[in-house]
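In case you want the letters, here they are:
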Amino acid sequence: MTALLNVKDLRAYYGQVQALHGLSFSLNEGSLTTLLGANGAGKTTTLRAICNMVRSTGSIEFEGAALTSRSTEGIVRLGIAHVPQGRGTFTNMTVEENLQLGAITRKDHAGIVSDMERMYAHFPVLKQRYTQQAGTLSGGEQQMLAVARALMLRPRLMLLDEPSFGLAPLVVRDLFGILGKINREDKVSILVVEQNAQLALELADQAYVIETGRIVMSGAAKDIANNEDVRKSYLGY
Amino acid sequence: MELFTNQILAGISTGAIYACLALAVVMIYQAIDHLNFAQGEMAMFSTFISWQLMQWGLPYWVAFVLTIAFSFAGGIAIERVLFKPLAKAPILTNVAGFIALYSIINSSAGLIWDFTIKQYPTPFGSAPFLGSQLISTHQAGMIGVTLLLLLALYFFFQYTRVGLAMRAAASLPESARLVGINTSWMIALGWGMAAAIGAIAGILIAPVVFLEPNMMLGTLIYGFAAAVLGGLTSPFGAVVGGFLVGIFENLAGTYIPYAGNELKLPIALALIVSILVVKPAGLFGRHIVKRV
Ligand SMILES: Nc1ncnc2c1ncn2[C@@H]1O[C@H](COP(=O)(O)OP(=O)(O)O)[C@@H](O)[C@H]1O
Ligand SMILES: [Mg+2]
């Protein structure tokens with residue numbers, strides 16, 4: 001297996017404050033990896049550093065290309081779709097416009113149209129609401145829309161920042177089911193950041209645990225889920 | 001009654017110009033959160049360019065199209081050279097930038113074309129429109145061109161990819177970058193379009209106010225008022241604001257005793273301020289439908 005994403009010695013800063021202290025991890029082509037950690041551990045900062053949205057040092061390689069010197073939009077154009085914390089929905093635009101924006105860098109009109117249909121098949125609720133302002137959707141629907149918008153890029157890698165946040169448990173199961181399906185069927189590699197460790201470990205194949213800006217644990221998701229010591233000391237369940 | 005209708009129509013025709021300027025102001029405001037004080041001067045300079053082209057013998061519409069293209073490029077150039085470097089600077093630095101731009105353009109125009117007023121032609125003529133005494137053909141032309149422009153802009157923003165990308169960049173820059181939009185170029189494009197729209201406003205109003213370096217002073221104040229009245233976040237509001245301000249201005253000048261031409265500006269502005277007291281975000285300021 002080749003590494004799709006390779007992060008080495010990543011340090012990130014907000015002004016004078018250092019949020020990541022030399023973090024390294026990698027993600028294999030086709031994998032569904034989760035990055036776990038408590039509130040404030042540095043999960044969001046890690047995703048933001050990958051997309052060059054926060055000042056950082058260290059090396060980040062995607063399919064062998066260095067990302068650190070590229071602009072955020074340039075990184076996205078390489079095939080990295082990022083659903084940020086809070087979802088980043090264009091709330092004053094329609095559901096359909098949000099999906100079109102996901103594909104704004106693509107030129108293949110026919111492909112965009114067929115992908116739009118695929119999204120409506122994955123998320124039927126979006127089809128019912130495609131002319132509606134995105135801000136009027138429920139939290140769960142907005143999260144589905146955010147994932148669908150990211151998929152419209154036809155990404156190689158999708159970064160998701162706490163997709164379960166604020167959603168009812170049943171909705172989370174639904175969403176995670178779809179993420180697993182997208183990963184298997186559409187061959188999109190996924191890096192999902194979660195506080196909800198239990199569910200994320202069921203979904204993922206690889207897991208990393210992050211604490212105050214450092215990786216403190218890594219391994220196969222099921223090993224980590226089965227290790228009671230790790231669960232108790234790092235994941236709190 | 002005839003007088004009333006007449007004033008309304010006259011108000012709509014100058015309102016069309018205010019609408020254009022307000023639209024230009026809103027476009028830049030949406031992109032960079034600053035009011036472009038130099039919008040009127042940019043429009044004036046563009047109008048001089050078109051006048052110069054006609055002096056050199058080019059037909060009206062050729063000069064018109066060339067001027068729009070020049071203004072579009074000029075707007076982009078101004079953003080790249082002057083305001084892109086100021087993007088992260090404090091508000092006052094930006095204000096200084098706008099004032100500098102204002103005086104540079106104003107004095108260059110004075111230097112190149114001097115401060116004497118010049119006649120500016122209209123392609124529509126100035127006969128009574130359709131034989132009626134209500135408005136002239138030029139006023140009707142102003143309304144017509146503005147409506148065409150508004151329609152074109154509506155289609156651009158609603159139905160083209162670039163228009164969609166520009167709206168996205170203006171409403172949520174970070175999310176826009178995360179779908180791969182180069183937001184920095186969208187801002188430049190907004191400047192280009194604002195300059196081009198301003199040029200149209202200048203060219204249309206020049207036959208009425210005559211061409212000279214300070215020709216846009218009064219017009220820009222009304223344009224700002226229109227933008228604020230409509231709510232600075234809404235292009236549609238800017239247009240409605242433009243027409244309303246034009247109508248207020250004319251009615252105030254005609255019907256309020258002693259107001260005449262000197263006082264119609266303060267009266268119209270006072271009316272606008274009273275509306276803003278009731279609706280601080282302007283008539284069409286951002287209303288986001290939120291689920292509760
Ligand atoms: N905009 C910011 N300015 C200053 N400090 C920040 C900012 N965002 C996050 N931090 C700090 O960086 C650290 C990591 O935050 P974050 O990556 O958001 O954690 P997580 O996503 O794991 O909850 C925290 O200590 C947080 O206080
Ligand atoms: Mg976070």
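Broken down by element type, chain A carries 10 helices and 10 strands. For 237 residues, the compact-globule formula gives about 18 Å, and the C-alpha radius of gyration of chain A, at 17 Å, lands near that figure. Each principal axis of the C-alpha distribution contributes one length, and for chain A these read about 45 × 40 × 35 Å. For chain A, the residues scored as buried account for 52% of the 237 residues in total. Within chain A, counting contacts between residues at least 6 apart in sequence, those at least 24 apart form 68% of the total.

With that settled, consider unusual backbone geometry. Of note in this structure, Glu-63 of chain A is not a glycine but carries a positive phi near 50°. Looking at where Glu-63 of chain A falls in the secondary structure, it is placed in the loop between β4 (55–62) and β5 (65–66).

A separate point is the sheet that holds strand β8 (residues 189–194) of chain A. Residue and element names in this part refer to chain A. Judged by pairing direction, the sheet is mixed, and its 6 strands sit side by side in the order β6-β7-β8-β3-β9-β10 without closing on themselves. Both edges of this open sheet fall to β6 (80–83) and β10 (214–220), since each of them pairs with a single strand only. This sheet shows a mean twist of 15° between the axes of neighbouring strands, independent of strand direction. Sheet analysis places strand β9 (residues 206–211) next to β10, joined by 6 bridges and oriented antiparallel. Residue pairing in the sheet places Val-209 in a bridge with Met-217 of β10. In the packing of helix α6 (residues 139–151) onto the sheet, contacts are made with β6 and β7 (157–161), and the angle to β6 comes to roughly 165°.

Residue and element names in this part refer to chain A. Turning to its location among the elements, Thr-33 is positioned in strand β3 (residues 32–36). In this structure the side chain of Thr-33 is engaged in a polar contact, spanning 2.9 Å, whose partner is the side chain of Ser-31. With near-sequence residues (within four places) excluded, Thr-33 lies in contact with Leu-27, Ile-190, Leu-191, Val-192, Ala-204, Asp-205, Gln-206 and Tyr-208.

Here the focus is the coordination of the magnesium ion (ligand 2). Every protein donor of the magnesium ion (ligand 2) is listed here as Thr-44 of chain A (OG1) and Gln-85 of chain A (OE1), and their distances to the metal cover 2.0 to 2.1 Å. Taken as a pair, Thr-44 of chain A in helix α1 (residues 43–50) and Gln-85 of chain A in the loop between β6 and α3 (95–102) lie far apart in primary sequence, 41 residues in all.

The subject of this paragraph is the packing of helix α1 (residues 2–32) of chain B against helix α10 (residues 235–255) of chain B. All names here are of chain B. Across the interface, α1 lies against α10 with an axial gap of 5 Å and an inter-helix angle of 145°. The handedness of the crossing between α1 and α10 is right-handed. For the contact of α1 with α10, a count of residues per class yields 19 nonpolar, 9 polar and 1 charged.

Let's shift gears to the site of ligand 1. Residues and elements named next belong to chain A. Taken together, Tyr-14, Ala-19, Ala-38, Asn-39, Gly-40, Ala-41, Gly-42, Lys-43, Thr-44 and Thr-45 are the residues near ligand 1. One nitrogen or oxygen atom from the main chain of Gly-40 is found 2.7 Å from an oxygen atom belonging to ligand 1. Note that an oxygen atom of ligand 1 is positioned 2.4 Å from one of the side-chain N or O atoms of Thr-45. Burial of ligand 1 by the surrounding chains reaches 59%, relative to a free accessible area of 560 Å². Broken down by element, the residue count for the shell around ligand 1 peaks at 3 residues, all from α1.

All names here are of chain A. In this structure, strand β1 (residues 3–14) lies alongside β4, joined through 7 bridges in antiparallel fashion. Paired with Tyr-13 across the strands is Arg-55, a residue of β4. As defined by bridge partners, β4 adjoins β5 across 2 bridges and the pair is classed as antiparallel. Looking at the pairing, Glu-61 lines up with Ala-66 of β5. Counting the residues between successive antiparallel strands, the hairpin from β4 to β5 contains 2 residues, one of them, Glu-63, with a positive phi of roughly 50°.

All names here are of chain B. Scanning the entire structure with this criterion turns up 21 aromatic pairs over all chains. Their ring planes at 80° and their centres at 5.0 Å tell us that Tyr-60 and Trp-61 sit as a pair that is edge-to-face. For Tyr-60, a relative accessible area of 13% corresponds to the buried category. A ring pair is formed by Phe-156 and Phe-157, whose centres lie 5.0 Å apart and whose planes are at 75°; its orientation type is edge-to-face. Relative accessible area serves as the criterion here: at 19%, Phe-157 is assigned to the buried category. Ring-pair connections join several aromatic residues into one group, and the members of that group are Phe-37, Phe-83, Phe-98, Trp-191 and Phe-224. For Arg-80, the ring lying beneath its charged end belongs to Trp-185, and the centroid distance is 4.4 Å. The side chain of Lys-118 reaches across the aromatic face of Trp-51, ending 5.5 Å from its centre.

Before going further, it helps to spend a moment on helix α4 (residues 91–113) of chain B. Residue and element names in this part refer to chain B. In this model α4 runs 33 Å from its N-terminal to its C-terminal C-alpha over 23 residues, within 8% of the 33 Å that 1.5 Å per residue would give. Along α4, the residues classified as buried are Asn-94, Gly-97, Phe-98, Leu-101, Ile-105, Asn-106, Ala-109, Gly-110 and Trp-113. Tucked into the core, α4 has its buried residues touching α1, α2 (39–55), α3 (60–83) and α8 (183–209). A positive backbone phi angle near 55° is found at Asp-114, which sits one or two residues after α4.

Once that is clear, we can look at a nonpolar patch on the surface. Judged by side-chain polarity, Met-1, Leu-3, Phe-4 and Tyr-255 of chain B come together as a nonpolar surface patch covering roughly 450 Å² of accessible area. The residue Tyr-255 of chain B is located in helix α10 in this model.

Take the nonpolar core next. In this structure, Leu-101 of chain A together with Tyr-120, Ile-181, Trp-191, Ile-197 and Val-245 of chain B are the most contacted members of the largest nonpolar core, which totals 89 residues. With 15 residues, α8 of chain B is the single largest residue contributor to this core. With residues near it in sequence (within four places) discarded, Tyr-120 of chain B still touches Thr-47, Ser-50, Trp-51, Met-54, Tyr-60, Ile-203, Ala-206, Pro-207 and Leu-211 of chain B. Membership of the second largest hydrophobic core comes to 79 residues, among which are Leu-153, Leu-157, Phe-176 and Leu-201 of chain A.

All names here are of chain B. Averaged over all residues, the pLDDT of chain B is 90; the fraction at 70 or higher stands at 97%. Below pLDDT 50 for its whole length, residues 288–292 participates in 9 contacts with residues either more than four positions away or in separate chains. With pTM at 0.90, the complex prediction returns an ipTM value of 0.94.

All right, on to the interface of chain B and chain A then. Contact with chain B, which involves 23 residues of that partner, is made by 31 residues of chain A. Together, Arg-161, Leu-178 and Val-179 of chain B form the three largest contributors to the area buried by chain B at its contact with chain A, with a combined 31%. Close ionic contact of Arg-167 of chain B with Glu-97 of chain A constitutes a salt bridge, the shortest N to O distance being 2.8 Å. Seen at the junction of chain B and chain A, the total is 6 residue pairs in polar contact (both at pLDDT 80 or more). Those elements that place two or more of their residues in the side of chain B that touches chain A are α6 (161–171) and α7 (173–178) of chain B. Along the lines of polarity and charge, the residues of the side of chain B that touches chain A split into 10 nonpolar, 6 polar and 7 charged.

Criteria and cut-off values
- Residues numbered from 1 in each chain as written.
- Chains lettered and ligands numbered in written order.
- Predicted model: local features only at pLDDT ≥ 70, side-chain atom pairs only at ≥ 80, totals over all residues.
- Heavy atoms only, no water.
- Helix = DSSP H or I, 4+ residues; strand = E, 2+ residues; numbered from the N terminus.
- Rg over C-alpha atoms; globule rule 2.2 N^0.38 Å.
- Buried < 20%, exposed > 50% of the residue type's maximum accessible area, 1.4 Å probe, protein only.
- Contact = heavy atoms within 4.5 Å.
- Pairing = 2+ DSSP bridges.
- Axes fitted to C-alpha atoms, helices over the stretch in contact; angles between N-to-C directions.
- Polar contact = N/O pair within 3.5 Å; in protein donor to acceptor, adjacent residues only side chain to side chain.
- Donors = N, O, S within 2.8 Å, 3.2 Å for Na, K, Ca; no water.
- Left-handed = near helix turned anticlockwise from the far one by under 90°.
- Nonpolar A, V, L, I, M, F, W, Y, C, P; charged D, E, K, R; others polar.
- Near = heavy atom within 4 Å.
- Areas by Shrake-Rupley, 256 points an atom, 1.4 Å probe, with all protein chains shown as cover.
- Phe/Tyr/Trp six-rings, centres within 6.5 Å; stacked < 30°, edge-to-face > 60°.
- Lys NZ or Arg CZ within 6 Å of the ring centre and 35° of its normal.
- Expected span 1.5 Å × (residues − 1).
- Patch = residues over 30% accessible without salt bridge, like charges linked within 9 Å, V, L, I, M, F, W, Y side chains within 5 Å.
- Salt bridge = Lys/Arg side-chain N within 4 Å of Asp/Glu carboxyl O.
- Core = buried A, V, L, I, M, F, W, Y, C linked by side-chain atoms within 4.5 Å.
- pLDDT = per-residue confidence, 0-100.
- Buried area = accessible area lost by both parts, 1.4 Å probe.

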